[in-house]
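Observations on chain architecture
This is what each chain is made of:
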Amino acid sequence: RLVGSEMCIRDSVGALPLVATIAGLTAGVVSAHETYESVQTGQGAAAVDAPVQAWMVAHRVAWLDTAATWFTDLGGKVGMPILATVTVLALARWWRTWTPVVVMLWATAGSLALTSVGKELTARARPPAAQAVPPLETSASFPSGHTLNAALVSGVIAYLALLYVRSLRGRILTCMGLALFVGLIGLSRVYLGHHWLTDVLAGGAIGGAWALAVVLGHWLYVRLRTKDRAPTVREVAQRHRDQGATVTSEPAR
């Protein structure tokens, strides 16, 4: 009876990430849909776009313009791929597994498609060029690609940290730092006049939802392959890390 009870508890704990991920994925999809509807009708959240934009323009200062431009480039077509590539390669080498690389490739392929489709669906005009800090961008405004990709990449890295990092403090600090990074990327897009607030909100929701979809896919893949040997995906990840550490510590022959 004791063994059966322990197995039941372990299976339940292993199922919690699945429930949480599905809930987050649903929330992201609903949020993105509601934002899209508000943009189409010009009501709801879209009603605050112009006031927020006006406030940002009124409070700009030269040094912050320069800093925001530099920072927002980290989430661009060049900066974000470089950051993502360097990060996952470092994690793959550290943890002795190709999981970070495979998961990130899967995630970024989808994000590019989502950004392209979203912009084609709305063809929304960006804020007036006279209110934007150069260099100007010409693609459609909705959703914010910088925010979408920042949310996606940060979400995947947070997932990997939760799997492989043992320290609770390390996991919390990593997730908080990544959340701050996404928030500042989104804020920089509005501050610089490159996007409306709803573009950023939708980008964050879509990027977060896709990150959770990737997490769910990887979670189910690992669970189905290892259900008879490990109750949780995190335990599988820890085993991989321990095996890698053992291989690294073995003396050369």
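Not measured: the values here are computed from a predicted model. (Residues numbered from 1 in each chain as written. Predicted model: local features only at pLDDT ≥ 70, side-chain atom pairs only at ≥ 80, totals over all residues. Heavy atoms only, no water.)

Attention now moves to the confidence of the model for the protein. Looking at the protein, pLDDT values average 81 and 83% of them are 70 or higher. Considering only residues more than four positions removed or in separate chains, one finds that residues 1-13, a stretch of pLDDT under 50, has 2 contacts. Of the regions scoring below 50 in pLDDT, residues 247-253 engages in 2 contacts with residues more than four places distant in sequence or in other chains. (pLDDT = per-residue confidence, 0-100. Contact = heavy atoms within 4.5 Å.)

This structure, assessed with the given rule, holds 4 aromatic pairs. An angle of 50° between the planes, with centres 6.1 Å apart, marks the rings of Tyr36 and Phe142 as tilted. Taken together, the positions of Tyr36 in helix 1 (residues 2-41) and Phe142 in the loop between helix 5 (99-122) and helix 6 (145-164) put the pair 106 residues apart, joining distant regions of the chain. Using a relative accessible area of 24% as the deciding quantity, one classes Tyr36 as partly exposed. Residue Phe142 is classed as buried on the basis of its relative accessible area, which comes to 4%. Judged by centre distance (5.3 Å) and plane angle (25°), the ring pair of Trp94 and Trp95 falls under stacked. Relative accessible area serves as the criterion here: at 51%, Trp94 is assigned to the exposed category. A network of ring pairs unites the aromatic residues Trp94, Trp95 and Tyr164 as a single cluster. We note Arg60 situated over the ring of Tyr191; from NZ or CZ to the ring centre the distance is 5.9 Å. (Phe/Tyr/Trp six-rings, centres within 6.5 Å; stacked < 30°, edge-to-face > 60°. Helix = DSSP H or I, 4+ residues; strand = E, 2+ residues; numbered from the N terminus. Buried < 20%, exposed > 50% of the residue type's maximum accessible area, 1.4 Å probe, protein only. Lys NZ or Arg CZ within 6 Å of the ring centre and 35° of its normal.)

Per the counting criterion, the structure on display carries 4 salt bridges. With a shortest N-O distance of 3.4 Å, Glu137 and Arg126 are connected by a salt bridge. Here Glu137, found in the loop between helix 5 and helix 6, pairs with Arg126, found in the loop between helix 5 and helix 6; they are 11 residues apart in sequence, far enough to count as distant. You can call Glu137 partly exposed: its relative accessible area is 30%. Arg189 is paired through a salt bridge with Glu137; the nearest N and O atoms lie 2.8 Å apart. Residue Arg189 is located in helix 7 (residues 168-191), and its partner Glu137 is located in the loop between helix 5 and helix 6; the two are separated by 52 residues in the primary sequence. (Salt bridge = Lys/Arg side-chain N within 4 Å of Asp/Glu carboxyl O.)

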